[in-house]
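# A closer look at the structure
Spelled out from the first residue to the last, the chains are:
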Amino acid sequence: MSNKLTRFCTLILCISPALGVQAEASQQPNDSESTGQLSKKETQVIAEKATQLLPVVPLSEFEKAAILSPLTAHKANYKVFYGSIELGEATYNLPATDTGYYSYHFDSNVSLLLLSDKRQLTSEFTLENGKLMPFRYVHERSGTGSDYTEQTAFAKAQEFIHTIYKQEALKLPYQDRVFDPLMVQLQFRMDLAANTRPLDYKMVKEKEVDDYQFRVLGKEQVVLDSGTYDTVKVEVVRAEKKAKKRQTYFWMAPDLAYLPVRLSHFSKGSKQLDIQLASYQFDKPLPPMTPIVIDGPATDASASIDELVAEAENDTQITESELDDIKRLAED
């Protein structure tokens, strides 16, 4: 449960996030966490759409405000589910700052039967020329199984990334446009507001640099216990073979600076890991967003999401094999 819930909660979006998820419970050791890439033809079509909708002209003050709106101080609380079984809660908090130095926080507390998992993540970063620059990332995990800490320092001047995971240290070469798994959520939301394409992100996670790519499928209205939201639906791009086994979707609310209101993951069409927005608060009013570029689905497989959601929500039982998988992951 530990790896699966953490990657789902911290990817972002994604995930991761912010919210990422391990591909599947019984994942093979050589199965990379990096996602599939859009084809050259798909990338060209998306770029043409963005150019037609938003030609290259100097940004207005309103457009700049929209792009930076995800950095508005805010707090969001989520409920975490396995199918329809509630596991716990998660909170994201971005405090206000007047120095240009940001500190983003994530806390989660989930449990199932005798299993427990608590997380505390902190990401420190700055804003340079409209882009987020990571500085330091700390991830502390406790609960069932082994406790551990992950720490990463981004030393741009020295051209290295120093990372420690489970007391094992590694030095990686510095790369432009590389993020930690938490602050990448905010960059992802800023890029949605700016209609940046492709939505492609490199993240330092567990001593590796993983690559994730996303596609905006369309607009949808999402109804949750916390309210009704007008959203855009985003999917994680995966290679065709992997996409048949697992799907991950995000629903982002433009009126809330593209805050995620729901994140769902399906593995082989079975039960979902599901995170739903419970409450939110922004310190000040948000500016209106510019029109969003819709990339569209690559295949008809994306249309099956409603059926997967319905099946998952109607299935409230956990099989013995699923429980064994969760126990094994919790002991990692």
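Below you will find a few notes about this structure. Counting restarts for each chain: residues are numbered from 1 in the order of the written sequence. The predicted origin of the model limits local features to residues at a pLDDT of at least 70 and limits the giving and counting of side-chain atom pairs to 80 or more, whereas totals for whole chains, interfaces and linings rest on all residues. The side-chain quantities take in all heavy atoms of the structure and omit both hydrogens and water.

## With respect to the pattern of salt bridges
For clarity, the cut-off: A pair is scored as a salt bridge if a Lys or Arg side-chain nitrogen falls within 4 Å of a carboxyl oxygen belonging to Asp or Glu. Numbering goes from the N terminus for both helices and strands, where a helix is a DSSP run of H or I of at least four residues and a strand is a run of E of at least two. Each residue is assigned to one of three classes by its accessible area relative to the maximum for its type, calculated with a 1.4 Å probe on protein chains only: buried under 20%, partly exposed between the two thresholds, exposed over 50%.
Counted under the stated rule, the structure contains 13 salt bridges. The partner of E235 in a salt bridge is R215, with the nearest N and O atoms 2.5 Å apart. Within this pair, whereas E235 is found in strand β12 (residues 227-236), its partner R215 is found in strand β11 (residues 208-224), the two being separated by 20 residues in sequence. We classify E235 as buried; its relative accessible area is 9%. Here R262 ties to D274 by a salt bridge, and the two come within 2.8 Å at their closest N and O atoms. In this pair, R262 is assigned in strand β14 (residues 259-267) and D274 in strand β15 (residues 272-282), connecting sequence segments 12 residues apart. Overall, R262 belongs to the buried group, its relative accessible area being 9%. You can call D274 buried: its relative accessible area is 1%. Bridged by salt links that share partners, the residues D117, R119, R141 and D147 form one connected network.

## Here we look at the environment of I85
With respect to the helices and strands, I85 occurs in strand β2 (residues 85-94). The exposure class assigned to I85 is partly exposed, which follows from its relative accessible area of 23%. When the C-alpha positions of I85 and D274 are compared, they lie 9.6 Å apart, and in sequence the two are 189 residues distant.

## Comments concerning the pairing of β2
Convention followed: By the convention used here, strands pair only if DSSP detects at least 2 bridges between them.
Here strand β1 (residues 74-82) runs beside β2; their pairing, made up of nine bridges, is antiparallel. Bridging from a neighbouring strand, A76 pairs with Y92 of β2. Between β1 and β2, which follow one another and run antiparallel, lie two residues, and G83 among them has a positive phi close to 65°. For β2 and strand β3 (residues 101-112), the ladder comprises six bridges, and the chain directions are antiparallel.

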